[in-house]
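# Structural overview for review
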Protein chains: 4
Amino acid sequence: MTITQPKPTPSIPDIAIYERRESVVRSYARSMPRQFTQAQGVWMRDDQGGRYLDFLSGCSTLNYGHNHPVLKQALLDYIAADGIAHGLDLHTDAKADFLETFEDIILKPRKLDYRAMFTGPTGTNAVEAAIKLARKVTGREGVIAFTNGFHGMTLGALACTGNASKRAGAGVPLNHVAHEPYEGYHGPDVDTAELLERRLADPSSGLDAPAAILVETVQGEGGLNAASPAWLRAIAEIARRHGALLIVDDIQAGCGRAGGFFSFEGMGVTPDIVTLAKSLSGMGLPFALALFRPELDQWLPGEHNGTFRGNNHAFVTAAAALRHFWSGGEFQADVARRGRLLERRLDAMAAEHGLSTRGRGMMRGIDVGSGEIAGAITAACFARGLIIETSGAHDEIVKVLAPLIIDDALLSAGLDILETSIREALAVPYGVAAE
Amino acid sequence: MTITQPKPTPSIPDIAIYERRESVVRSYARSMPRQFTQAQGVWMRDDQGGRYLDFLSGCSTLNYGHNHPVLKQALLDYIAADGIAHGLDLHTDAKADFLETFEDIILKPRKLDYRAMFTGPTGTNAVEAAIKLARKVTGREGVIAFTNGFHGMTLGALACTGNASKRAGAGVPLNHVAHEPYEGYHGPDVDTAELLERRLADPSSGLDAPAAILVETVQGEGGLNAASPAWLRAIAEIARRHGALLIVDDIQAGCGRAGGFFSFEGMGVTPDIVTLAKSLSGMGLPFALALFRPELDQWLPGEHNGTFRGNNHAFVTAAAALRHFWSGGEFQADVARRGRLLERRLDAMAAEHGLSTRGRGMMRGIDVGSGEIAGAITAACFARGLIIETSGAHDEIVKVLAPLIIDDALLSAGLDILETSIREALAVPYGVAAE
Amino acid sequence: MTITQPKPTPSIPDIAIYERRESVVRSYARSMPRQFTQAQGVWMRDDQGGRYLDFLSGCSTLNYGHNHPVLKQALLDYIAADGIAHGLDLHTDAKADFLETFEDIILKPRKLDYRAMFTGPTGTNAVEAAIKLARKVTGREGVIAFTNGFHGMTLGALACTGNASKRAGAGVPLNHVAHEPYEGYHGPDVDTAELLERRLADPSSGLDAPAAILVETVQGEGGLNAASPAWLRAIAEIARRHGALLIVDDIQAGCGRAGGFFSFEGMGVTPDIVTLAKSLSGMGLPFALALFRPELDQWLPGEHNGTFRGNNHAFVTAAAALRHFWSGGEFQADVARRGRLLERRLDAMAAEHGLSTRGRGMMRGIDVGSGEIAGAITAACFARGLIIETSGAHDEIVKVLAPLIIDDALLSAGLDILETSIREALAVPYGVAAE
Amino acid sequence: MTITQPKPTPSIPDIAIYERRESVVRSYARSMPRQFTQAQGVWMRDDQGGRYLDFLSGCSTLNYGHNHPVLKQALLDYIAADGIAHGLDLHTDAKADFLETFEDIILKPRKLDYRAMFTGPTGTNAVEAAIKLARKVTGREGVIAFTNGFHGMTLGALACTGNASKRAGAGVPLNHVAHEPYEGYHGPDVDTAELLERRLADPSSGLDAPAAILVETVQGEGGLNAASPAWLRAIAEIARRHGALLIVDDIQAGCGRAGGFFSFEGMGVTPDIVTLAKSLSGMGLPFALALFRPELDQWLPGEHNGTFRGNNHAFVTAAAALRHFWSGGEFQADVARRGRLLERRLDAMAAEHGLSTRGRGMMRGIDVGSGEIAGAITAACFARGLIIETSGAHDEIVKVLAPLIIDDALLSAGLDILETSIREALAVPYGVAAE
């Protein structure tokens, strides 16, 4: 099976309104200059009738695809019945249902005992809440984050983010955070957990004992670097030994993307705090959570608040998603199988061109050597009807973030497009392939 | 007309799930221990059949009431048609429609030339983006905010917030922001704009020239202090003279709450940057904007980004709200009339008890002298079916944030409850009134 | 009596070596382009035989004049006998003698119970130690300093300094310090202590409770603003009420300059911490102290250290100075009389030209309206053999810091020169007077 | 030859005055509880007639011994002739003489073109000035310092210092500085310069491009770690490549301690900025310098100032020291020979006990494994009349900082005491040896 782009859309939409009224800060819209109007499952459609297979999934926000019928119907019913849309942090039946479902389907089977904090409904807000809590509980100020880590754009989270151009946007120095090398950063022979332990154990290293160590198990924006269980356990042990909390930022890797509901499942690590967002609502609605051990729940009422922390529409779709996808083991088995398929195909492409792959589960990519080549590849894919993006310090990783619900044939079809586009880009000098 | 609470709900909901699984950071749920299930217009309903008149409006997030039928229908239609729910910052027909509607109905008639930045969909994120941009454009780091100002909970915005207990939650020092006295802070005889000008003009004052002056025209959380046009103009002139940008945080006072769509209309002030959130989506959905003069739009693509910056459901309801309420002058005239009604009633209550009132438009309150008394009053109101909350440094202001669409009779009825509850609270020692 | 400049020195020294090898950061050498070779009492001599009456006194470092014979002899004897020059913080007889003399002559008669910390021998180091200790003891981070305050150039002290051009030299933001208006800053009608109390008492002012309030009783660099006892007591009370330590920076105003050994004597205020430097050694040798109540002495051994904290030469001259000048009341009475003489003369000059005076004791100046005029006056004085400098935010204060040991006739003679130079500068357009 | 302690001093001095009036922050006085009264050359004497061979040399402040007769006489003559003691930054003949001598004897023969900035006369102040200048010139804020680095106690320098207990004294977070591993920190197989380059070259590492890299060529307080020329050149190249200034803090290793006048001589590295203090005055008087390339001399007049920046007594002794010791090559050859003697002796002691040595030139030590053992050794030495101290993160290095002018026989005699004391400490359980 191949994807046929039923109606190529050579003309870009009338973008005058965007040029007139939207800030130049917009980014994705530049490489995908279409006006999108509808989306269902793995497909997006534009206003010219173009159809696109979505291997970006809102950067892992749409793990269950667009407008999944079960979630959509739950939301339509809720709105039609005048369910609470906005309730600050008031108790609502939607919130209670979400909490109970989360407890039953997610926490209990995994023997996890977490409290949920409804932070403002953005990932960056969940990260801010997590590090605030860690600082409050430990009485320390520093946070250790990692090279290539990405944690958000508000000032506290941005300080934890590695990307220099994002950081420069702060306009003030980003303090209280040290970035340490992630696993493999200095090559296979250097154990970066050991480097970190050495400095934290040394009272004269200049690296003060931190409030928290903040880590992604797979670095989504930073290049799909996947940490090994051994390294994660070493980091968890370092945190424990030095009185720091372990925060796993599971915003991109969680909700099934890396395999389990939490990306750290099966790794022998239980974080003190976990942040979730992106696919949590299941339908792309703004929703974020910070989870933490009950002993850490030392907030004063309202000490961290926010207008939209009770986005009830998201509670509804999130609870529906948990019930639909995570009640049994079938979905997770499907994801695992698709992840292996993805791995095989990417490994083959890499082998063909002497490249390397990255990632875990359904969160994988291929390092094509430079941002220019990667950009040429994704542009060629887009011209063939495949939405796909790059990642990494130099945007040199073509990353596949297909919806987890994609059927295997469509996944293969999309990867065919990627394979062709890579061949094209690597066969010819840069600049030609993208035309 | 009086409101009759059809079925008093003496029993609180089963809160075990909240105690087990929700963080103790929750706040409103403590003083309003009900489980809410439905809401329409000015009314909220709980799961025991209780009905509540909503004079809180999601802290001004629900200016058009709950689930307004026009907005609700627009959203239902959009979802049913598989409209894009989540689109990162891709162009969508929903976004284009919002931008065009905002331009036509809001900007053009007011002769305002702003670009819109879709920040993460929370007010705090819009504030973060605003001060980042001001720092970037000016190359300066400091921001001047005001006593009692409230701007959000993420680290950059929190530094601008005055409230000590919120600030303490940061766990790190909150730098780069100086808090200057708001109008009237030092009594009627001290012109606080003059105090500020004196220090900024003095090269030895220790107050470095700031990137921005960040101000609310009416301080929502800080006690409903309303700035005069003269003071705001003085502040704007100070900003201009010292090369700082003027940022009006219109998150709570905007969208009609203080009278006009922007709270600064008719005051002779044009901010360089404006932040909007809360009632922007019209239906309580997460949505926030930073608006700024095109010359200031110096972002690099993606320099400030975020997963949910394209909350298309909110674009749909926001555009519908603009069309429905702001196309003509009728709504604004209604709000003005209700604001005067509110003013008269509050003034009368204040006069009866020797108290004072605060605020502007439909954003008014009464200073009852202490948080204890105010708490007793709001508890008494709640027992009578009226949801109402407090504000101010000591929670000493009972604030009325009724939906702007409330009809005059219901507004009066709600104020009757408030009047009775105040009498009760002030007639008897604290503690009795609340029973 | 008039001073006759025995041999005018029209030629400036060979400054090639300075241009080649000294940083352009040098300042005083620019307005006094002579090569100085000798100094005794109130006089300095240059290498051309020029003689200058010193009304600058090393910015109050030479209160007892240059090379006072008693101190000089004590130092010569000590060096000749191979006394310890440098001893880290080891016990030496010179240190013991200093401590005992300080206890007997300074502390006991004033009923003050302070411990002495030998910080690095610069004023800025004493200020750094003082604020470190205040932060350590209180567990708070903020410091309140005042407009026009000057406390030093290292990062911690610089943050407390008001001067914008000094601050800009930091190259990083200067945090953890708020500058509040000094007494009289907003005119006679605004009680700035009240402004401060209002904000510290307000939990929503954004001004967090500080570790310390750091104040000069007379602002040396900031324009010779002299605080009243009432205001100082109010500030002390504010510090006490809000759990902050009161630090009096007595580096310039102490050691007799403002009248008593400590500038706060007789004002009803006992600081928690006092910093001393400048005239402490008596002969201009580097020496600084932080004094604090014994209960605050919570340092760990070596927690604040420094190579030169045991400048024993300075201990020797400092002890000799205490014995010679402060054993009885004669010196202080002389200083008081000279201070009144200085006050009368400056008041008369001010009255003649409609100007105002500032200061207290032997630390007084005249506000001539602009830095240009003040510069013309000091240049004219210098041409007549009088070394005198300016102060204030705009260098608009001509300040008289004559040695305290000056005899009344020479003081008058120097003031005659000042009087003439002021007349000259104010009689003719700027630029002519200075020739 | 052996040192005979002519009169053991079992009784400690009357320390009541210190307990009453000196802060508990004192440190060296605790392990050497004597009252010292005189010092000449390599000897210190106490008030009980005890005599001590000084292998501490004021932590390398007394490289030429105590009260060297040439320097002493120059100072006595200067004071007797009423030379300027304190002259702010005015031109004096003493300063001119120092600058000319420094140019002729130090700079010209080494083909170095530096300007001298007379910072406040403490090492920490020179470091503060150096990093301020680097920040000003580059417009960047970050500084990279190294593990185990020690640079001073004022806030800016303290942020560059690695020691955790010193850092904790700040009471505020120490920002804008990242501590990277010094050469050998992660063992012989990890090239820490490569680790640093990797992160600075990576736009997503979270390590922002710094204003400066601040390094000691031998870490005095940090354990006598000596960098290799190759590593230093790599660091210099990294600084150059990334637009950062290279600052060598030569406060402890300079002035002959590591061999040459500058510790970096012969290493193929020319720093952009150099800091000097400690032995610069030659006689232990407070004096510090920042040296920098003329193009970097971008200060405004007075932008960094300080009362004691013109310590003319120190200029006199410093110039005398330069002339006496550095005019020809004899002194440096003597130091080299003594350094080799020291190296051989320490290597032998280390070999005997299976320990390792550290350092370079006359700045060497032996790692005895723990601070407890090292303390026992230094205590045993002290009981035998040898003043010697420890260094390193755990005070585990016994460091020899003998005066450079020591004759070889006395150096050997002192090392005999050390050898005996080490044997004693390692032969018996800890606690016995020290008696």
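Basis of the calculations
Residues numbered from 1 in each chain as written. Chains lettered and ligands numbered in written order. Predicted model: local features only at pLDDT ≥ 70, side-chain atom pairs only at ≥ 80, totals over all residues. Heavy atoms only, no water. Least-squares fit on C-alpha atoms with pLDDT ≥ 70 in both. Contact = heavy atoms within 4.5 Å. Pairing = 2+ DSSP bridges. Helix = DSSP H or I, 4+ residues; strand = E, 2+ residues; numbered from the N terminus. Domains from an automatic or database assignment. Buried area = accessible area lost by both parts, 1.4 Å probe. Polar contact = N/O pair within 3.5 Å; in protein donor to acceptor, adjacent residues only side chain to side chain. Nonpolar A, V, L, I, M, F, W, Y, C, P; charged D, E, K, R; others polar. Axes fitted to C-alpha atoms, helices over the stretch in contact; angles between N-to-C directions. Parallel < 35°, antiparallel > 145°, perpendicular 65-115°, else oblique. Core = buried A, V, L, I, M, F, W, Y, C linked by side-chain atoms within 4.5 Å. Buried < 20%, exposed > 50% of the residue type's maximum accessible area, 1.4 Å probe, protein only. Right-handed = clockwise from strand over helix to strand, strands pointing away. Salt bridge = Lys/Arg side-chain N within 4 Å of Asp/Glu carboxyl O. Expected span 1.5 Å × (residues − 1).

Superposing chain D onto chain C requires a rotation of 180° together with a translation of 0.0 Å along the rotation axis, leaving an RMSD of 0.0 Å. On the angle and the small slide along the axis, the relation comes out as a two-fold axis. For chain D, the minimum C-alpha distance to the rotation axis belongs to Leu155(D) and amounts to 2.6 Å. Mapped onto chain C, 100% of the interface residues of chain D are again interface residues, and the two copies thus contact each other with one and the same surface.

A separate point is the pairing of strand β3 (residues 51–54) of chain A. Two faces, one strand: in a regular strand the side chains alternate between the faces of the sheet. Residues and elements named next belong to chain A. As defined by bridge partners, strand β2 (residues 43–46) adjoins β3 across three bridges and the pair is classed as antiparallel. What sits directly across from tryptophan 43, in β3, is leucine 53. Where β2 hands over to β3, the hairpin turn is made up of four residues, of which glycine 49 adopts a positive phi near 90°. When β3 meets strand β13 (residues 386–387), the two strands line up parallel, connected through two bridges. Pairing of leucine 53 across the sheet is with leucine 386, part of β13.

Below, the discussion takes up unusual backbone geometry. One non-glycine residue with positive phi stands out, namely Ser57(A), at about 50°. Relative to the elements of secondary structure, Ser57(A) occurs in helix α3 (residues 57–60). Phi is positive for Asn67(C), which is not a glycine, with a value near 45°. Mapped onto the elements, Asn67(C) comes out in the loop between α3 (57–60) and α4 (69–80).

With that settled, consider the domain arrangement of chain A. Residue and element names in this part refer to chain A. The domains assigned to chain A are domain 1 (13–67 + 330–426) and domain 2 (69–326). For domain 1 and domain 2, the distance between their C-alpha centres works out to 24 Å. Contacts between domain 1 and domain 2 engage 32 residues on the former and 34 residues on the latter. Carbon and sulfur atoms supply 51% of the area buried between domain 1 and domain 2, which totals about 2700 Å² over both sides. Looking at the side of domain 1 facing domain 2, the largest losses of area belong to Tyr64, Arg360 and Met363, adding up to 32% of the total buried there. Counting the contacts that link domain 1 with domain 2 gives 21 residue pairs in polar contact (both at pLDDT 80 or more). The element contributing the most residues to the side of domain 1 that touches domain 2 is α3, with four residues. Looking at the side of domain 1 that touches domain 2 residue by residue, the classes come out as 14 nonpolar, 14 polar and four charged.

Moving on, we get to the environment of Glu141(D). On the secondary structure map, Glu141(D) appears in the loop between α6 (123–138) and β5 (143–146). Residues Glu141(D) and Val177(D), spaced 36 residues apart in sequence, show a C-alpha to C-alpha distance of 8.4 Å. For Glu141(D), the residues in contact, after removing those within four places along its chain, are Pro173(A), Glu141(B), Gly171(C), Val172(C), Pro173(C), Arg135(D) and His176(D).

This next bit is on the sheet that holds strand β14 (residues 363–367) of chain D. Residues and elements named next belong to chain D. The strand order across the open sheet built from four strands is β13-β14-β17-β16, with neighbouring strands paired in antiparallel fashion. A single partner strand is all that each edge strand has here, and the edge strands are β13 (356–360) and β16 (389–391). Along the sheet, successive strands turn relative to each other by an average axial angle of 35°, direction set aside. Relative to strand β17 (residues 397–400), β14 is paired through four bridges, and the arrangement is antiparallel. By the bridge assignment, arginine 364 is partnered in β17 with valine 400. Docked against the sheet, helix α13 (residues 371–383) engages β16 and β17, running at close to 160° with respect to β16.

The next point concerns the packing of helix α9 (residues 192–201) of chain C against helix α10 (residues 229–241) of chain C. All names here are of chain C. With their axes 9 Å apart at the nearest point, α9 and α10 run at an angle of 10° to one another. Regarding the angle of α9 to α10, the classification is roughly parallel. Residue-level contacts link Thr192, Ala193, Leu196, Glu197 and Leu200 of α9 to Trp231, Ala234, Ile235, Ile238 and Arg241 of α10. Of the residues belonging to the contact of α9 with α10, the class tally is seven nonpolar, one polar and two charged.

Before going further, it helps to spend a moment on the environment of Arg309(D). Its place among the elements puts Arg309(D) in the loop between β12 (289–292) and α11 (312–326). Here the alpha-carbon distance between Arg309(D) and Thr122(D), two residues 187 residues apart in the chain, equals 9.3 Å. If we skip the residues at most four places from it in the chain, Arg309(D) touches Ser27(C), Tyr28(C), Leu88(D), Asp89(D), Phe118(D), Thr119(D), Gly120(D), Pro121(D) and Phe315(D). A polar side-chain atom of Arg309(D) sits 3.3 Å from a polar atom in the side chain of Ser27(C).

This next bit is on the nonpolar core. Counting residues in each nonpolar core, the largest one holds 219 residues, and the members touching the most others are Phe98(A), Leu418(A), Phe98(B) and Leu418(B). Non-local contacts of Phe98(B), meaning those with residues more than four positions away in its chain, are made with Phe118(B), Phe287(B), Leu289(B), Phe315(B), Ala318(B), Ala319(B) and Leu322(B). Counting residues in hydrophobic clusters, the runner-up holds 217 residues, among them Leu71(C), Phe261(C), Leu285(D) and Ile366(D).

Right, let's talk about the pairing of strand β8 (residues 245–249) of chain B for a bit. Residues and elements named next belong to chain B. Counting buried positions along β8 gives five out of five residues, so the element sits mostly inside the fold. Both strand β7 (residues 212–215) and β8 contribute to a ladder of four bridges, which runs parallel. In the sheet register, valine 215 faces β8, and the bridge partner there is valine 248. Chirality of the crossover, the property in question, places the unit of β7, helix α10 (residues 229–241) and β8 among those that are right-handed. In the sheet, β8 pairs with strand β9 (residues 273–276) via three bridges, with the strands oriented parallel. Bridge assignment links valine 248 to a residue of β9, and that residue is valine 274.

If you trace the backbone, Thr122(D) turns up in the loop between β4 (115–117) and α6. Judged by its relative accessible area of 5%, Thr122(D) is buried. Those residues within four positions of Thr122(D) in sequence are excluded, and the remaining contacts are Gly120(C), Pro121(C), Thr122(C), Phe308(C) and Ala288(D).

Turning our eyes to something else, we now look at the interface of chain D and chain C. Every contact between the two is made by 107 residues of chain D and, on the other side, 107 residues of chain C. Taking both sides of the interface into account, the surface hidden between chain D and chain C amounts to around 9500 Å²; carbon and sulfur atoms contribute 59%. It is Arg21(D), His91(D) and Phe308(D) that lose the most area in chain D upon contact with chain C, and together they represent 9% of the buried surface on that side. Scanning the region where chain D abuts chain C turns up 10 salt bridges. Arg21(C) serves as the salt-bridge partner of Asp113(D), at 2.8 Å between the closest nitrogen and oxygen. Where chain D touches chain C, the interface holds 60 residue pairs in polar contact (both at pLDDT 80 or more). At seven residues, helix α5 (residues 93–107) of chain D tops the list of elements feeding residues into the side of chain D that touches chain C. When the residues that make up the side of chain D that touches chain C are grouped by side-chain class, the tally is 50 nonpolar, 31 polar and 26 charged.

What follows concerns α13(D). Residues and elements named next belong to chain D. In this model, α13 (13 residues) spans 18 Å end to end at C-alpha, consistent with the 18 Å of a helix rising 1.5 Å per residue. Every buried residue of α13 is listed here: Ala374, Ala376, Ile377, Thr378, Ala380, Cys381 and Phe382. Residue serine 370 occupies the N-cap position of α13, its side-chain oxygen lying 3.3 Å from the main-chain nitrogen of glutamate 372.

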